[in-house]
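Take a look at the letters that make up each chain.
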Amino acid sequence: MKIARKEVLKALEQITVPGEGANMVESGAVKNVLTFGDEVVIEITIANPAMQARKKVEAEIINCIKKNISEQAKVKVNVKVIAPEKTEIKGKQLPGIKNIIAISSGKGGVGKSTVTANVAVSLSKMGFKVGVLDADVYGPSIPMMFDVESARPLAETIDGKSKMKPIENYGVKILSIGFFTKPDQAVIWRGPMASKALNQLIFDAAWGELDFLLLDLPPGTGDIHLSIMQALPITGAVVVSTPQNVALADAKKGVAMFQQESINVPVLGIVENMAYFTPAELPENKYYIFGENGAKNLANDLKVPFLGELPIVQSIREAGDIGRPAGMQEGTVVEEIVTDITRNIVTQVIKRNENLPATEAIKITTMAGCSSVKK
């Protein structure tokens, strides 16, 4: 028995490529078909790298050939996976924005977004023009902390281009992926998709004139962080940690990431959250539940500034839950603490701008399957 090549191609036209709507031949997935008597060798390409997807396509092809041509056909399928093109954010300046501060944490749950929100409103109270970009695409919490969960950005035409107008509350301009998802909707994206979303939030927004743009980064040291640093010339980074050793170990990695020679983003300092517990009925008492001076000692060891400590106070948690950052509460101890931390950050920004050249956006290239980062 001799199987003709055109018979094989005609049979393969019955198989639809998942996600493309075209059959395997029309889509170009079939790269080559070789026939040797009753033997058939088919070379195809697919975009889905999962082993399950490859096995499914292979089984479909074998069944199709046996059903439509011959049960005795000996079919071999060579599947090649084409990796999707990586979406990268291209580094460039944001006109009108003087300082871009990345607020980061080595691990989740240490209060990074709480610090971001409170520093933002404190800067606004000092008279600065402030924006917050919620870059934590997988767990956006800034909309809740600013009581704008139900808000949706409007379009604004600037120089003939449509731009997103940030939501504004308490004198702070805000953009977050949370404005475009439902409260109970999980964001399940691979790195390139998350980078593309951030690209739009950063460059398709009408930020206007800002003295400070605060970036609330996701926890850890991953793809989003590299994308952000590739996208923007970061003025400096603030690392948030709690006092216990497990958090400090991750905070140390966070500082190390920014200080890598290939990245070289100045670390403005470390903020310690949940430093101690002060009960409302005993305002003078301090209980160091998670350890004492852990982040302060880490800052000294790493030779970076210690920017201050936030206590465990019920009002801070309540203020975040109702969308009114505690730093806005006039005449309170929390307002005083947040103001001191904010002043320390501003002081470090001034020193950084006086003594160091402007930070460049890093460039990420891929060589032989490995990522490299360079200026």
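Just so you know, these numbers come straight off a predicted model, no measurement behind them.

**Student:** Give a detailed account of the overall build of the protein chain, specifying residues and quantitative values.
**Tutor:** When its secondary structure is counted, the protein chain shows ten helices and 15 strands. For the protein chain, with 375 residues in total, the buried portion stands at 47%. Across the protein chain, every contact between residues at least 6 apart in sequence was considered, and the portion connecting residues at least 24 apart equals 74%.

**Student:** With reference to specific residues and values, describe the packing of helix α3 (residues 112-125) against helix α10 (residues 333-355).
**Tutor:** The contact between α3 and α10 brings their axes to 9 Å, and the two run at 80°. Considered as vectors, α3 and α10 are oriented roughly perpendicular to each other. Residues N118, V119, S122, L123 and K125 of α3 pack against E335, V338, T339, I341, T342, I345 and V346 of α10. Here the contact of α3 with α10 is composed, by residue class, of six nonpolar, four polar and two charged.

**Student:** Provide a residue-level description of the environment of N199, including the pertinent values.
**Tutor:** Tracing the sequence through the fold places N199 in helix α5 (residues 191-203). Among the residues examined, N199 registers a relative accessible area of 26% and is labelled partly exposed. Remark: the alpha-carbon pair of N199 and A231, spanning 32 residues in sequence, is separated by 7.8 Å.

**Student:** Lay out the environment of M229 in plain terms, naming residues and giving numbers.
**Tutor:** Note on placement: M229 falls in helix α6 (residues 223-231). In this structure, the C-alpha to C-alpha distance between M229 and I263, residues 34 residues apart in sequence, is 7.9 Å.

Rules of the game
- One numbering rule holds for all chains: residues counted from 1, following each sequence as written.
- Predicted model: local features are reported for residues with pLDDT of at least 70 only, side-chain atom pairs are reported and counted for 80 or more only, and whole-chain, interface and lining totals are derived from all residues.
- As a rule here, side-chain values cover all heavy atoms of the structure and leave hydrogens and water aside.
- Only DSSP runs of H or I with at least four residues qualify as helices, and only runs of E with at least two residues qualify as strands; both kinds are numbered from the N terminus onward.
- Partly exposed describes any residue whose relative accessible area lies between the buried limit of under 20% and the exposed limit of over 50%, with all areas from a 1.4 Å probe on protein chains only and scaled to the type maximum.
- The contact criterion used is simple: two residues touch if any of their non-hydrogen atoms lie within 4.5 Å.
- Helix axes are fitted to C-alpha atoms over the stretch in contact, other axes to C-alpha atoms as well, and angles between N-to-C directions run from 0 to 180 degrees.
- Reported orientations rely on four angle classes, namely roughly parallel under 35 degrees, roughly antiparallel over 145, roughly perpendicular from 65 to 115, and oblique for the rest.
- Think of it as three bins: nonpolar holds Ala, Val, Leu, Ile, Met, Phe, Trp, Tyr, Cys and Pro, charged holds Asp, Glu, Lys and Arg, and polar takes everything else, Gly as well.

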